[in-house]
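This is what each chain is made of:
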Amino acid sequence: MPTSRIASPTRSWFALSKVTLALTATVACSSPRPAVESDSAGATEKPSQAATERDLKSDLLSSICPTLTRRGSIQVARVEPKVEEGGVAFDLLGDGAGQGVMTCADTLYADVHALLRSMADSSSVTSFAGKAVIDGKTTNARAGYYNGALYVRVDSLARNRRALVLASPGQPTDVVIWPRKALLHLETSGLTAGRAYKTAVSEGLLP
């Protein structure tokens, strides 16, 4: 009498598992990779890291003050031993016709790179979100571009560099800047009777 064959449950389960694994692998290979999409999305959340020089130059000085004028002047004091009286000379910023100096009401802005050169200061300055970034540190000094040059609010920049700004009596937009080195020269030379030294002491720039 013939004997019928009954399929082994173990073999049937093994065959079914192989089919299931094959289908799963096929679906997995054709599915998108969400991890890559997530990484790409995360990169767009940090626009400041991708900022370019063109982006920074869209931050214009006119957005800080729409009524800019070329009124005002800046002189910078420097130590000059050849000067017999006091050993201090003064350099005019720009060409005397307002170049490198802009005025917003009674607030002075200056081409920061030209001003720092006059102050013998080699600090690196850029702008971000309307503020000056000096040597990589964001400051409270307002800053913006004008005709391709970066302008910074003069009194705020001077305060950051521990320099003194002295306005001419009755002329708040005509100023003399005393860099730190020039102030220390007044102290060490005993030139302590003048307005510059006394003001520097009262503002905490000198002992």
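Keep in mind it's a predicted model, so treat the numbers as computed, not measured. (Residues numbered from 1 in each chain as written. Predicted model: local features only at pLDDT ≥ 70, side-chain atom pairs only at ≥ 80, totals over all residues. Heavy atoms only, no water.)

A. Inspection of the pairing of strand E7 (residues 131-134) at higher detail. The pairing of strand E6 (residues 125-128) with E7 spans 4 bridges and is classified as antiparallel. Along E7, the bridge assignment pairs Ser127 with Ala132. Linkage of E6 to E7, two consecutive antiparallel strands, is achieved through a turn of 2 residues, within which Ala129 is found at a positive phi near 55°. In this sheet, strand E8 (residues 137-146) lies alongside E7 in antiparallel orientation, the contact comprising 3 bridges. The partner of Lys131 across the bridge, within E8, is Arg142. (Pairing = 2+ DSSP bridges. Helix = DSSP H or I, 4+ residues; strand = E, 2+ residues; numbered from the N terminus.)

B. The arrangement of the packing of aromatic side chains in detail. In the structure shown here, the tally under the stated rule is 2 aromatic pairs. Between Phe90 and Trp178, the aromatic rings sit 5.6 Å apart at their centres with planes inclined by 85°, giving edge-to-face as the arrangement. Remark: Trp178 occurs in strand E11 (residues 171-178) and Phe90 occurs in strand E3 (residues 88-92); sequence separation between them is 88 residues. Accessibility expressed as a relative area gives 38% for Phe90, which makes it partly exposed. A centroid spacing of 5.8 Å and a plane angle of 80° characterise the contact between Tyr146 and Tyr151, whose relative ring orientation is edge-to-face. (Phe/Tyr/Trp six-rings, centres within 6.5 Å; stacked < 30°, edge-to-face > 60°. Buried < 20%, exposed > 50% of the residue type's maximum accessible area, 1.4 Å probe, protein only.)

C. Region of the structure containing the sheet that holds strand E1 (residues 68-69). The antiparallel open sheet is built from 7 strands, whose spatial order is E1-E4-E5-E9-E8-E7-E6. Of all the strands in the sheet, just E1 and E6 have a single pairing partner and so form its edges. Direction of pairing for strand E4 (residues 101-104) relative to strand E5 (residues 107-111): antiparallel, over a ladder of 4 bridges. Bridge pairing in E5 places Val101 opposite Ala110.

D. Broad picture of the layout of surface pockets. Here the largest pocket is characterised by a volume of approximately 180 Å³. Every residue along the wall of the largest pocket is listed here: Asp155, Ala158, Arg159, Ala163, Leu164, Val165, Leu166, Thr199, Glu203 and Leu205. Breaking the lining of the largest pocket down by element, the ones donating at least two residues are helix H6 (154-160) and strand E10 (164-168). (1 Å grid on protein atoms, 1.4 Å probe; cavity = no way out; pocket = protein on both sides within 12 Å on 5 of 7 lines; lining within 4 Å. Points joined across faces, edges and corners; volume = space filled by probe spheres on them.)

E. Just helix H8 (residues 195-202), in detail. Of the residues making up H8, those classed as buried are Ala196, Tyr197, Thr199 and Ala200. Considered in projection along H8, the buried side chains sweep an arc of 170° and stay on one side of the axis. Facing away from the buried side of H8 by more than 90 degrees, the exposed set consists of Lys198 and Ser202. Just past H8, the residue Gly204 takes up positive phi, approximately 80°. (Arc of directions from axis to C-beta.)

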